[in-house]
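What follows is the residue order along each chain.
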Amino acid sequence: MNFGEKIKQKRKEKNLTQAELATLFGVTRRVISSYENNASRPRSIESFRRLADILDVKTDYLLREEGSDVHKIIEEVEVLFSGGEITENDMDELMFSIQAAYVAAKKKQRKKKSPK
């Protein structure tokens, strides 16, 4: 389920119209419509938090795109960490490796974007 579908589903579960949700969130109905159509998203993490609070969900729920490769990896890591099948040293090594891979990918992207 994508971000827009989640917003719409949770709004309806709370028996709110787009206009009512917009008022609670402090935006226009058009903004809520844009969210539900996946045309835009809140611009700050604080806005995501406020929206999550209004809809009675966790911020993670709104941020994660279910079915994506990233979501699947996160779920697997969460299971691995919470299942107690990995030592603390191995958890640290995994996190350092993920961070190193991220930094390397960002550097590679910057090189592609920089003018020659």
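Just above, that's the structure.
As the structure is a computational prediction, the values presented were derived from the model and not from experiment. (Residues numbered from 1 in each chain as written. Predicted model: local features only at pLDDT ≥ 70, side-chain atom pairs only at ≥ 80, totals over all residues. Heavy atoms only, no water.)

**A word on the overall build of the protein chain**
Point 1. Along the protein chain, the regular secondary structure elements total 7 helices and 0 strands.
Point 2. When the helices and strands of the protein chain are placed in sequence order, the string is α-α-α-α-α-α-α.
Point 3. Reported as C-alpha extents along the three principal axes, the dimensions of the protein chain are approximately 50 × 50 × 25 Å.
Point 4. Counting the 116 residues in the protein chain, one finds 24% classified as buried.
Point 5. A separation threshold of at least 6 residues defines the contact pool for the protein chain, and within that pool the share at least 24 residues apart is 49%.
Point 6. Accessible area of the protein chain: about 8600 Å², with a carbon and sulfur share of 52%.
Point 7. Measuring between centres, the 23 positive side-chain charges of the protein chain sit 12 Å from its 19 negative side-chain charges. (Helix = DSSP H or I, 4+ residues; strand = E, 2+ residues; numbered from the N terminus. Buried < 20%, exposed > 50% of the residue type's maximum accessible area, 1.4 Å probe, protein only. Contact = heavy atoms within 4.5 Å. Areas by Shrake-Rupley, 256 points an atom, 1.4 Å probe, with all protein chains shown as cover. Lys, Arg positive; Asp, Glu negative; His and termini not counted. Charge placed at Lys NZ, Arg CZ, Asp CG, Glu CD.)

**Some remarks on the nonpolar core**
The nonpolar side chains of a soluble globular protein tend to be buried with one another.
Point 1. In terms of nonpolar packing, the biggest core is built from 15 residues, with F3, I7, L21, L51 and L62 touching the most fellow members.
Point 2. Mapped by element, the contributors of at least two residues to this core are helix 1 (3-13), helix 2 (18-25), helix 3 (29-36) and helix 4 (45-55).
Point 3. Here the element with the most residues in this core is helix 4; it accounts for 5 residues.
Point 4. Each residue touching F3, except ones within four places of it in the same chain, is listed here: Y35, N38, S40, R41, P42, F48, L51, L62 and E65. (Core = buried A, V, L, I, M, F, W, Y, C linked by side-chain atoms within 4.5 Å.)

**So, the packing of helix 2 against helix 3**
Point 1. Two elements in contact, helix 2 and helix 3, have axes whose closest approach is 8 Å; the angle formed by their N-to-C orientations is 110°. The angle between the axes of helix 2 and helix 3 places the two elements in the roughly perpendicular class. Where helix 2 abuts helix 3, its residues Q18, A19, L21, A22 and F25 lie against R29, I32, S33, Y35 and E36.
Point 2. Classifying every residue of the contact of helix 2 with helix 3 by side-chain character gives 6 nonpolar, 2 polar and 2 charged. (Axes fitted to C-alpha atoms, helices over the stretch in contact; angles between N-to-C directions. Parallel < 35°, antiparallel > 145°, perpendicular 65-115°, else oblique. Nonpolar A, V, L, I, M, F, W, Y, C, P; charged D, E, K, R; others polar.)

**Quick look at the environment of I86**
Point 1. By secondary structure assignment, the location of I86 is in the loop between helix 6 (69-82) and helix 7 (88-113).
Point 2. Looking at I86, the relative accessible area reads 15%, which means it is buried.
Point 3. Between the C-alpha atoms of I86 and R11, which are 75 residues apart in sequence, the distance is 39 Å.
Point 4. Setting aside its immediate chain neighbours within four residues, I86 contacts L80, F81 and M91.

**What about a negative patch on the surface?**
Point 1. On the surface, a cluster of negative charge is contributed by E88, D90, D92 and E93.
Point 2. A relative accessible area of 52% means that E93 is categorised as exposed. (Patch = residues over 30% accessible without salt bridge, like charges linked within 9 Å, V, L, I, M, F, W, Y side chains within 5 Å. Salt bridge = Lys/Arg side-chain N within 4 Å of Asp/Glu carboxyl O.)

**Observations concerning the packing of aromatic side chains**
Any two aromatic rings considered together are summarised by their centre-to-centre distance and by the angle between their planes.
Point 1. Considering all chains together, one arrives at 3 aromatic pairs under this definition.
Point 2. Ring geometry for F3 and F48: centres 5.7 Å apart, planes at 65°, overall edge-to-face. In this pair, F3 sits in helix 1 while F48 sits in helix 4, placing the two residues 45 residues apart along the sequence.
Point 3. For F3, a relative accessible area of 0% corresponds to the buried category.
Point 4. What makes F48 buried here is its relative accessible area of 7%.
Point 5. Aromatic pair F25 and Y35: ring centres 6.3 Å apart, planes at 65°, arrangement edge-to-face. Of this pair, F25 sits in helix 2 while Y35 sits in helix 3; the two residues are 10 residues apart in sequence, bridging distant segments of the chain. In this structure, F25 and Y35 share a single accessibility class: buried.
Point 6. The ring of Y61 has K6 sitting right over it, with the charged end atom 4.7 Å from the ring centre. (Phe/Tyr/Trp six-rings, centres within 6.5 Å; stacked < 30°, edge-to-face > 60°. Lys NZ or Arg CZ within 6 Å of the ring centre and 35° of its normal.)

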